Amino acid sequence: MLDKRYDPKEIEKKWYDFWIEKEYFKADSKSDKPPYCIVIPPPNVTGSLHIGHALDNTLQDIMIRWKRMSGFNTLWMPGTDHAGIATQNVVEKDLNSKGTDRHALGREAFIEKVWEWKKLYGRTIINQLKVLGASCDWSRERFTLDEGLSRAVREVFLRLYEEGLIYRGEYLINWCTRCHTALSDIEVEHEDRQGKLWQIRYDFVDEEGGLTVATTRPETYLGDTAVAVNPEDTRYTNLIGKKVRLPIIEREVPIIADEFVDSTFGTGAVKVTPAHDPNDFEMGKRHDLPFINIMTGDGTMSEEAGPYKGLDRFECRKRVLEDLEKTGYLEMTQDHDHALGHCYRCKTVVEPYLSKQWFVKIKPLAEEAIKAVKDGRVKIIPAGWENSYFDWMENIRDWCISRQIWWGHRIPVWYCESCDEIIVSRETPEKCTCGSTELKQDEDVLDTWFSSALWPFSTLGWPEETDDLRTFYPTSVLITGFDILFFWVARMIMMGLKFRGEQPFHHVYIHALIRDAEGQKMSKSKGNVVDPLEMTEAFGTDAVRFTLAAYAAQGRDIKFSEERVEGYRHFLNKIWNVARFISMNVDNETEVRSISDIHDSKLSLSLADRWIMSRLSGVSRDVNHALDEYRFNDAASLLYQYVWHELCDWYVEMIKPDLSSTNAESKSAALSTLIYVFESALALMHPIMPFITEEIWQQLPARADVDSLCIRAYPVYDEKLHNRESEKKMDIIINAVTGVRSIRGELNISPSRELKVFIKTTGEVEEVLTDNMTFIMKLARTAEIETGSEISVPKNSATAIKSSMEIFVPLKGIIDVDAEITRLNKEFSKTEKEFTFLSRKLTNVDFIEKAPEAVVKECRRNYDEYLDKLQSIRDNIDKMKELEESD
RNA sequence: GGGCGGAUAGCUCAGUUGGGAGAGCACAGCCCUUACAAGGCUGGGGUCACAGGUUCAAGCCCUGUUCCGCCUACCA
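Quick caveat, the model's predicted, so the values are computed rather than measured.

Around RNA strand B sit 60 residues, and of these Arg5, Asp262, Asn279, Phe837 and Lys850 come closest. In the interface set of RNA strand B, defined as its atoms within 4 Å of the protein, sugar plus phosphate atoms amount to 58%. Arg397 places a polar side-chain atom, nitrogen or oxygen, 2.8 Å from a phosphate oxygen of RNA strand B. Between RNA strand B and the protein, one listed contact pairs a sugar or linking oxygen with a side-chain N or O atom of Arg580 at 3.0 Å. Of all elements in the fold, only strand 7 (188–204), strand 8 (210–215), strand 13 (330–343), helix 18 (562–585), helix 21 (632–659), helix 24 (724–746), helix 27 (817–842) and helix 28 (845–850) reach the threshold of two or more residues within the surface near RNA strand B. Per-element accounting of the surface near RNA strand B gives the leading share, 10 residues, to helix 21. Among the residues making up the surface near RNA strand B, the classes are represented as 21 nonpolar, 16 polar and 23 charged.

Printed below as a string of C-alpha cells:
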C-alpha cells in the first residue's frame, strides 16, 4: 500500500542510484540498434545550476529517455567547459580576497590553483544534473581541458594554420581592461547609453582660424594623427592637405579626404585616431597614418598621452575636457545617445585596442556552414532562427582566438629565440630548425569557444577514429538557448563540417530564455533568480520537470512562476492517488490479465474499457508525434489531459461498480484494463517525470517484463486498441451525464438527492444509453432512468437538450419554475446565436458554391441539429409557462 | 539604422496546412460521493492590439499604425 502522499525526496535518490547501478544510461558503440546522440552544452565547470540549465537539460533528458525507451542506442554525452575567462575571474577574486593575485603567484602556481579549485567545485553542477534526473552516460564524461580534448584542439589549430586559415597580426581588437585580454566581436555586449557629443576646435597651423571636429571620446584626441573630411564636401575642399594643431599637446596633423566621412554628421569633420577606433584604424591604413597607442592594457594613459600619462581613461576624459574648456578649444557639448560595448564576462567598457593577436580566417568555414543549413543537412527548429544564423554568418568577421589569460589551451606555437622561426606543432618541440633549443611558447591561450566548437567530435574521441565517433557522429540533435547560437552552435557547424566533413548534428532545437514572473531577465544583481534546486526541494523534481516541459512552447520567452510548479505538483498527487486506488483494489482472488489476453478477447471488456484503451492508443500516437517535433508543451498537456480528465475523471469513476462487484469476470476485466492503461500512461510520462513513474511502476501488480520503466518500450499507436465506435458511444454517455449534472449544478440540487431522469431519444442513442445504464446512473447520481421515443415532459421538470436527446428531471415541489424558464431562455439565446450564424452561412450562395463539400455538409448537419435543439427548448419553455399559468 | 518576435479570458499562455476560439491558475455556487479537499461537480468571463485589404470564410494570409521585448550594427 502506498503512502497517502507522494514524498519525492528519498524516492528520487533511490531510483537514480538504481538506474546508475544497472547502467541503463550507458551507450554501446557496437550496438545494432539505431543510434541517437545528444552532446550536452557543457556547463561552466565552476558554475552551479540555474533555471536555464534546468530547462535545457530537462528537454534533453526527455528526448534521450523517450528515444531510449523507443529502442534506440542512446548516448547523452556529458561534460563541462573550462570557461577560461569566467573561471579565471572566479579564482582571481578568491586570491584578491586573500590579499594576493595571480601575478604574485606566477603562471604555473596560478594554474595549479585553478585546478585545485576545479577539483573542489567542478562536480557541483554535475551533481545537480543528477538531482535533476539527467540520464547522461557518466562513464564518458569529458572536460574541455582534459588530455583528449586538448589533443583535438592542437590538431585543429595546426591544420588550420597549415591551410592558412589561422594567422597572426596586429589589429584593433576588443580589449577588456579589467580581464586584461582580447575578446572576439561577439563577446562584446552593446548597450545604449546616454552620452555626449563634444565639438573641439583644432587651429590651423598656417593661417587664422580652425576646424571643429565632433567626438564622443575627447580623450582620444591625444592619439589623433589626422582630421578627415569628405572629398565631396565643398565646405572643406580647400582645406584638404593643410595642417591643424592639436590643442594643448600641440601636435600637427594633416587634413585628409576620405569617402567614409559623413558630411551630415556633427561638423562634417572627423578626428582620426587610428589606434583607438575601428573606422579610424581602416582610415589610418588607407592613408598610411601613424598609429599612436595612448593607452596601456589596464586602461590607463600611456607615455604617448603626454601630460595625462598614468590617468585612468575616464579620469583622463574629464581632465581633457576641463583643459579644453579652460583653453577655449571646447566649442560645444550636446546630448548624444550611442551604443557602448561591454565585456560579456565582467561588464567593463571594452576598449578598441591595437595589439598582436591570432585570428581564424572565417569566411571559407562560414560558407560551408551556411550551405549546410540552406540545404537542410542542419535543421534549425524553430526555423525563424535560421534568419539570424544566415545574417550573422554572411557578415561574419575574422575570429580573434587569442586570449591574454592563463587558464585555457595554450596556443601551440613556439618562437625561436635565435632566429625568426615560428613553430606550430602537435607536440612540444625540442629544438628549432636552426638547431637552437631556445624556444619560447606563445604566452596566450585560446578562446574557450575554440575548444567548445569541437565538442561534438572531440568528446567522441577525435582525432582518433573511434567506434563512438563512427556510431554517434553526426549526433542527432543539439538542444540549447538562442543566446549561444553564434558563440557555439554556428562554430560547431563550421568545425564539424571542416574536420569531419559532416554536420555535427541533424537538428538544432533552440528553446526560449526563462525570465521571472514579470518578464525580467533573471540576474544575480537583480535578485530575481529562481533556483531550480529550491524548486525541486519544495515540489519534487518531477513537478519541476513537468512544469518546464509544459512551459516549453516554441518561440516565446518563458515567464516562470512558482505557482505553476505548485499546480503541477497537484497533478503528481493525482497520479499517486490513482496508484493508491489500484493497490486498494488488487486482491488475491482477482486475476490481472495481460494485454495479450485482452487482445485475444479472453476477457470481455466493457464500453469504458474499450474506450480508455482506444484513447490510450490515440494519446500514445499524439505524444510521440509531439515529441518528434519538439513540441514538449503539447506532449505535457496531452498527458495531463488524458490522465486527469479521461482516466481519472471518467474511466476510474465508471469502473468503480465493476471493481466492487462480485462478478469475478467483470472485476478482472476492469482491473486488468485499468492497470494496463495506467502502466502505459506511466511509460508515456516517464521521460518527463522519471521518478514518480518509476516508483509507482515498480509496485504495480502487472507490468511489462523489464526491470525498470526507463527501458520499457515506449507506447505507440496500437491499431488493435483503436476503437472509434467506443469513443462515439462514450460521447453519448458523457452527454447524458453532464446533462443531468448541469441541471443539478445550475438549479443547486444537492448531490445527495437521488433523481429520477427521463431521456427522450431513439434508435442507436437509446440503445447505448440502456446498455450502459449502470454507468450513467452512477455518474449522474440517479435512482432511475427511463428512456424512449415517446416520453413526454413530466410536470415540473428541468430540461437539458443534448444532441439526439432531451433530458428531463422531474423535481416535484422543488423546482423553481421561474428559475428554470430563465435557465432555458439563456440556453435558447446561446443556441440561437449559433443557429443564426449557421443559417446565414447556408443562405450564402458563394459559400455553398465555393466552400469544400465536407465543410458545407458539416454546416448543414449542425444546422439541422441546432434547429432541433431550438425547437425542443422552445417547446419546453412553453410547457413551463403553461405550468406556471395553471398553478 | 537593419532584422526578428510578441499583443487572445482577471493572470500565465496554447491555438501545426484559413472553416467564427481552448487550457491551467484565479473567480462564483454546490459537495468531505469509501484514490485524491493538493479533491469532485457546475457555472460566469474574450470586438483574438488598432485600421485597411485578400477570401464564400481571417486569431491565422497581405499592407499600414501603436505599444512591448529581443538580436544585430564601425555615423565620429
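Another aspect to go through is the sheet that holds strand 14 (residues 351–360). Strand order in this open sheet of 4 strands is 6-5-14-16, and the pairing throughout is antiparallel. The sheet is open, and its two borders are formed by strand 6 (181–183) and strand 16 (399–400), each paired with just one other strand. Both strand 5 (residues 166–176) and strand 6 contribute to a ladder of 3 bridges, which runs antiparallel. Looking at strand 6, one finds that Asn174 is bridged to Leu183.

With that settled, the discussion passes to the environment of Ala134. In this structure, Ala134 sits in the loop between helix 6 (124–132) and strand 4 (142–143). Using a relative accessible area of 2% as the deciding quantity, one classes Ala134 as buried. Setting aside residues up to four positions removed in sequence, Ala134 forms contacts with Tyr16, Phe25, Asp61, Trp76, Leu129 and Arg545.

With that settled, the discussion passes to unusual backbone geometry. In this model, Ile381 is joined to Pro382 through a cis peptide bond whose omega is -5°. Topologically, Pro382 is positioned in the loop between strand 15 (379–381) and helix 11 (385–394). Phi at Glu23 takes a positive value of approximately 60°, unusual for a residue other than glycine. Tracing the sequence through the fold places Glu23 in the loop between helix 1 (8–21) and strand 1 (35–39). Positive phi is not limited to glycine here, since Ala83 has a value of about 45°.

The element helix 17 (residues 541–551) is extensively covered by neighbouring structure, given that 11 of its 11 residues are classed as buried. Considered for burial, the residues of helix 17 that qualify are Thr541, Asp542, Ala543, Val544, Arg545, Phe546, Thr547, Leu548, Ala549, Ala550 and Tyr551.

On to the pairing of strand 22 (residues 475–481). Most of strand 22 sits inside the fold, with 7 of its 7 residues counted as buried. The sheet contact formed by strand 22 and strand 23 (residues 505–511) spans 6 bridges and is parallel. The residue of strand 23 that forms the bridge with Gly481 is His511. A crossover connection joins strand 22 to the parallel strand 23 through helix 15 (residues 485–500); in handedness this β-α-β unit is right-handed.

Take empty space enclosed by the protein next. Across all of its chains, the model carries 1 cavity of 30 Å³ or more by this definition. One number sums up the size of the largest cavity: a volume of about 40 Å³. Around the largest cavity, the lining residues are Tyr509, His511, Ala512, Ala552, Ala553, Gln554, Gly555 and Ile558. Residues belonging to the lining of the largest cavity are distributed by class as follows: 5 nonpolar, 3 polar and no charged.

Judged by side-chain charge, Asp816, Asp818, Asp875, Asp878, Glu882, Glu884 and Glu885 come together as a negatively charged surface patch. Take Asp878: it is sitting in helix 29 (residues 853–886). By relative accessible area, which is 34% here, Asp878 ends up partly exposed.

Our next topic: the nonpolar core. Counting 205 residues, the largest nonpolar core has Phe157, Met393, Phe450, Met495, Phe560, Phe632 and Phe678 as the members making the most contacts within it. Ranked by the residues each element gives to this core, the list is headed by helix 21, at 15 residues. Of all hydrophobic cores here, the second largest spans 36 residues; its members include Trp175, Leu211, Cys316 and Tyr353.

The topology assignment puts Ser872 in helix 29. Separated by 3.4 Å, the side chains of Ser872 and Glu806 make a polar contact. With sequence-adjacent residues up to four places away left out, Ser872 is seen in contact with Ile801 and Glu806.

Turning our attention to the pairing of strand 28 (residues 797–802). A large share of strand 28 lies buried, amounting to 5 of its 6 residues. Connecting strand 28 to the next strand, strand 29 (residues 805–810), in antiparallel fashion are 2 residues, including Ser804 with a positive phi near 65°.

The next point concerns helix 24. When the terminal C-alpha atoms of helix 24 are compared, their 32 Å separation across 23 residues agrees well with the 33 Å that a helix rising 1.5 Å per residue should span. Buried residues of helix 24: Ser726, Met730, Ile732, Ile733, Ala736, Val737, Gly739, Val740, Ile743 and Arg744, and no others. Here helix 24 starts with a cap whose side-chain oxygen sits 3.2 Å from the backbone nitrogen of Glu725, and that cap is Asn723.

Our next topic: the sheet that holds strand 22. The 3 strands lie next to each other as 15-23-22, forming an open sheet whose pairing is parallel. The outermost strands of the open sheet, each flanked by one partner alone, are strand 15 and strand 22. Within the sheet, the average angular offset between the axes of one strand and its neighbour, ignoring direction, is 20°.

Quick look at the environment of Phe808 now. Looking at the secondary structure, you find Phe808 in strand 29. You can call Phe808 buried: its relative accessible area is 1%. Distance from Phe808 to Trp414, taken between C-alpha atoms, is 94 Å for residues 394 residues apart in sequence. The residues contacting Phe808, other than those within four sequence positions of it, are Lys756, Val757, Phe758, Lys760, Ile791, Val793, Pro794, Ser797, Ala798, Thr799 and Asn876.

Running from amino to carboxyl end, helix 16 (residues 532–539) crosses helix 18 at an angle of 35°, the nearest separation of the two axes being 11 Å. Of the two possible hands of crossing, helix 16 and helix 18 adopt the one that is right-handed. Contacts between helix 16 and helix 18 involve Met535, Ala538 and Phe539 from the first element and Glu562, Val565, Glu566 and Arg569 from the second. The residue inventory of the contact of helix 16 with helix 18, partitioned by class, reads 4 nonpolar, no polar and 3 charged.

Per the counting criterion, the structure on display carries 41 aromatic pairs. The interplanar angle of 90° and the centroid separation of 5.2 Å between the aromatic rings of Trp15 and Phe18 together place this pair among those described as edge-to-face. Residue Trp15 and its partner Phe18 are both found in helix 1; the two are separated by 3 residues, about one turn of the helix. One exposure class covers both Trp15 and Phe18, and it is buried. Between Tyr389 and Phe390 the ring centres are 5.7 Å apart and the planes differ by 70°, which places this aromatic pair in the edge-to-face class. Its relative accessible area of 0% is what places Tyr389 among the buried residues. Of the aromatic side chains, those joined through ring pairs into one cluster are Phe157, Tyr161, Trp358, Trp399 and Phe450. Its end group placed over the ring of Tyr551, Arg564 keeps NZ or CZ at 4.4 Å from the ring centre.

Relative to the helices and strands, Glu806 is located in strand 29. The buried charged residue Glu806 lacks any salt bridge partner; its closest oppositely charged side chain belongs to Lys760, at an N-O distance of 4.4 Å. Once residues within four sequence positions are removed from consideration, Glu806 is found in contact with Phe758, Ile759, Lys760, Ala800, Ile801, Ser872 and Asn876.

Parameters and conventions
- Residues numbered from 1 in each chain as written.
- Chains lettered and ligands numbered in written order.
- Predicted model: local features only at pLDDT ≥ 70, side-chain atom pairs only at ≥ 80, totals over all residues.
- Heavy atoms only, no water.
- Near = heavy atom within 4 Å.
- Polar contact = N/O pair within 3.5 Å; in protein donor to acceptor, adjacent residues only side chain to side chain.
- Helix = DSSP H or I, 4+ residues; strand = E, 2+ residues; numbered from the N terminus.
- Nonpolar A, V, L, I, M, F, W, Y, C, P; charged D, E, K, R; others polar.
- Pairing = 2+ DSSP bridges.
- Buried < 20%, exposed > 50% of the residue type's maximum accessible area, 1.4 Å probe, protein only.
- Contact = heavy atoms within 4.5 Å.
- Right-handed = clockwise from strand over helix to strand, strands pointing away.
- 1 Å grid on protein atoms, 1.4 Å probe; cavity = no way out; pocket = protein on both sides within 12 Å on 5 of 7 lines; lining within 4 Å.
- Points joined across faces, edges and corners; volume = space filled by probe spheres on them.
- Patch = residues over 30% accessible without salt bridge, like charges linked within 9 Å, V, L, I, M, F, W, Y side chains within 5 Å.
- Areas by Shrake-Rupley, 256 points an atom, 1.4 Å probe, with all protein chains shown as cover.
- Salt bridge = Lys/Arg side-chain N within 4 Å of Asp/Glu carboxyl O.
- Lys, Arg positive; Asp, Glu negative; His and termini not counted.
- Charge placed at Lys NZ, Arg CZ, Asp CG, Glu CD.
- Core = buried A, V, L, I, M, F, W, Y, C linked by side-chain atoms within 4.5 Å.
- Expected span 1.5 Å × (residues − 1).
- Axes fitted to C-alpha atoms, helices over the stretch in contact; angles between N-to-C directions.
- Left-handed = near helix turned anticlockwise from the far one by under 90°.
- Phe/Tyr/Trp six-rings, centres within 6.5 Å; stacked < 30°, edge-to-face > 60°.
- Lys NZ or Arg CZ within 6 Å of the ring centre and 35° of its normal.

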